[in-house]
Amino acid sequence: MRHYFSVVVSFIVLIISSFLAVYLTKKFGGKVWKIKRLGKIGYILPILSAFAIGVWVYAFLNELSFLQVASVTAGSILFLISASVVFSMLVVNFFNFAVKHVKNYLSRYTNVDPDRRRFLKLSLTTVPLVTLGTTSAGIAGSFEKVRIPKVDVFYPNLPEELDGFTIAHLSDLHVGYYFTLNDLENTLDSLSAQKPDIFVVTGDIADDLDQLDDTLKLINQLKTPLGGFASLGNHEFYRGLERVFKTFQTSPFPLLVEKGATVEKNGAKIYIGGASDPVSMHSDISHFLERTVQTAMYNAPEDAFRVLLSHRPKGFDAAVKHNIPLTLAGHTHGGQVGFNNKSLFEKFGDNEYIWGLYHQNDSYLYTSSGMGHWFPFRLGCPPEAPLIVLRKGTCSDIA
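The notes below deal with the structure included here. Just so it is clear, the structure is predicted and the values come from calculations on it, not from any experiment.

The next thing to look at is the environment of Gly 233. Structurally, Gly 233 can be placed in the loop between β4 (228–231) and α8 (234–248). Gly 233 sits in the buried class, given a relative accessible area of 0%. Non-local contacts of Gly 233, meaning those with residues more than four positions away in its chain, are made with Gly 203, Asp 204, Asp 277 and His 311.

Have a look at this one:
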């Protein structure tokens, strides 16, 4: 029920944004480009939005999952276009206002160059083109093939038996609307060729719980020597935790909720612990994560290499405090906007661990940008399923 409520709210936001785009285009656009029909042309956005909503309602009532996926995808794309139009109109109006006042000020003291006027107007024309181009690139990026980067993490005291130990890290699949079972199968085929030792799934597995069972069975086809483990994400709570638990009862690999399991390679022990998720999106979650990390790692053998699965990257703070060598996380989707393999939002507010590899003391964290998403926009932040490779030594040992 919560899932459908979120869809309804999203469609309300879509309608509001589309009509706002019409209003701003009609009010401001004509003043800059002298196109009287610009506002009327804009009405195509709310018309298409209403059509997408109608299709979704029809598909929902008739249990046509394909049409539900198509209508939600179309609605999301229309929202992005409407939002980019709103942004463009606000920017254009601001600069048009500024240019007008600067021109009036300068005209008191000197003649205004007509060529400069034309240049400024041309510059304003490019604003919506650049915005729409960026939006289009972000939408296209959300449908990119999942990449499989190799990430080396170095430990001077790593047991020789674990040198080269490889973990396939799957996170934020959100199987359903935008990431399908076919997409997952293609990614798993590529991962299998790399022959990882184990796989882990750090939450937000399926947005369509009707596909969760098939998703888990498909993931298990990786057939890694040491099997695999999963931990909870906030979307497991959103979609229905009771049903998630029930599905995992027959899963070929376990869900670790504030507990762990020990596996061995060549006699060397690896302990995998799964933290729970605080669900909350806005309150301070530090105390919750401290407790759940401690509980998850409580039974770890002293001689085992410990790996923490924490959907929230913020769990890394507790991992560093308790000297946990490796934490794997997701949740952030890399902020969905990145540059040079780092999130564009890396330094804003409290967002320290949005995407990539982090190192404190003797502990590492890798935050995956995720394989799927619940909103189809990725710009410079492609979907990924990283391979985490344990290495004995230090970074300086690389030739």
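On to the packing of aromatic side chains, then. Each aromatic ring pair is summarised here by two numbers: the centre-to-centre distance and the angle between the ring planes. This model, assessed by the stated rule, comprises 6 aromatic pairs. With centroids separated by 6.1 Å and ring planes inclined at 80°, the aromatic side chains of Phe 248 and Phe 253 adopt a geometry described as edge-to-face. By the burial criterion, Phe 248 is buried, and Phe 253 matches it. Here Tyr 353 and Tyr 358 contribute two aromatic rings whose centre-to-centre distance is 5.4 Å and whose plane-to-plane angle is 75°, an arrangement assigned as edge-to-face. Exposure remark for Tyr 353: the relative accessible area of 10% places this residue in the buried category. Residue classification places Tyr 358 among the buried residues on the basis of a relative accessible area of 11%. The rings of Tyr 155, Phe 305 and Tyr 364 are connected pair by pair, giving a single aromatic cluster. For the cation-ring pair, Arg 291 lies above Phe 288, with the distance from its terminal atom to the ring centre recorded as 5.2 Å. Sitting above the plane of the Tyr 358 ring, Lys 342 keeps its charged end 3.9 Å from the centroid.

Let us look at the nonpolar core. For soluble globular proteins, the rule of thumb is that nonpolar side chains tend to be buried together. Counting 29 residues, the largest nonpolar core has Ile 167, Ile 272, Val 307, Leu 326 and Leu 328 as its most contacted members. Elements represented by at least two residues in this core include exactly β1 (150–155), β3 (198–202), β5 (259–265), β6 (268–274), β7 (305–309), β8 (326–329), β12 (363–367) and β13 (387–392). Setting aside anything within four residues of it in sequence, one finds Val 307 in contact with Ile 167, Ile 270, Tyr 271, Ile 272, Gly 273, Met 297, Leu 326 and Leu 328. Counting 28 residues, the second-largest nonpolar core is a separate cluster that includes Val 146, Leu 212, Leu 218 and Met 371.

This part covers the pattern of salt bridges. Under the definition given, this model contains 11 salt bridges. Ionic pairing is found between Asp 197 and Lys 265, a salt bridge with its closest N-O pair at 3.1 Å. Residue Asp 197 is located in the loop between α6 (181–192) and β3, and its partner Lys 265 is located in strand β5; the two are separated by 68 residues in the primary sequence. Assessed through its relative accessible area of 11%, Asp 197 is described here as buried. Given the relative accessible area of 22%, Lys 265 is considered partly exposed. Of the charged contacts in the structure, one is a salt bridge between Lys 217 and Asp 213, with a shortest N-O distance of 3.0 Å.

Turning next to helix α3 (residues 44–61). Helix length check: α3 (18 residues) gives 26 Å between terminal C-alpha atoms against 26 Å at 1.5 Å per residue, within 8%. When α3 is considered as a whole, its buried residues turn out to be Leu 45, Pro 46, Ser 49, Ala 52, Ile 53, Trp 56 and Ala 59. Taken end-on, α3 shows its buried residues confined to a sector of 150°, consistent with a single buried face. When the buried face of α3 is taken as reference, the exposed residues oriented beyond 90 degrees from it are Ile 47, Phe 51 and Leu 61.

This next bit is on the side chain of His 311. With respect to the element layout, His 311 can be found in the loop between β7 and α10 (315–321). Using a relative accessible area of 0% as the deciding quantity, one classes His 311 as buried. Polar contacts involving the side chain of His 311 include one to the main-chain carbonyl oxygen of Thr 202, which spans 2.7 Å.

This part takes up the sheet that holds β5. In spatial order, the strands read β5-β6-β7-β8-β12-β11; together these 6 strands make up an open sheet with mixed pairing. Of all strands in the sheet, those with a lone pairing partner are β5 and β11 (356–360), marking the two edges. Ignoring which end each strand starts from, the neighbouring axes of this sheet average 20° apart. By the bridge criterion, 7 bridges tie β5 to β6 in an arrangement that is antiparallel. Its bridge partner being in β6, Glu 264 is matched across the sheet by Lys 269. Contacting β5, β6 and β7, helix α9 (residues 286–296) runs over the sheet at an angle of about 145° to β6.

Calculation criteria
- Residues numbered from 1 in each chain as written.
- Predicted model: local features only at pLDDT ≥ 70, side-chain atom pairs only at ≥ 80, totals over all residues.
- Heavy atoms only, no water.
- Helix = DSSP H or I, 4+ residues; strand = E, 2+ residues; numbered from the N terminus.
- Buried < 20%, exposed > 50% of the residue type's maximum accessible area, 1.4 Å probe, protein only.
- Contact = heavy atoms within 4.5 Å.
- Phe/Tyr/Trp six-rings, centres within 6.5 Å; stacked < 30°, edge-to-face > 60°.
- Lys NZ or Arg CZ within 6 Å of the ring centre and 35° of its normal.
- Core = buried A, V, L, I, M, F, W, Y, C linked by side-chain atoms within 4.5 Å.
- Salt bridge = Lys/Arg side-chain N within 4 Å of Asp/Glu carboxyl O.
- Expected span 1.5 Å × (residues − 1).
- Arc of directions from axis to C-beta.
- Polar contact = N/O pair within 3.5 Å; in protein donor to acceptor, adjacent residues only side chain to side chain.
- Pairing = 2+ DSSP bridges.
- Axes fitted to C-alpha atoms, helices over the stretch in contact; angles between N-to-C directions.

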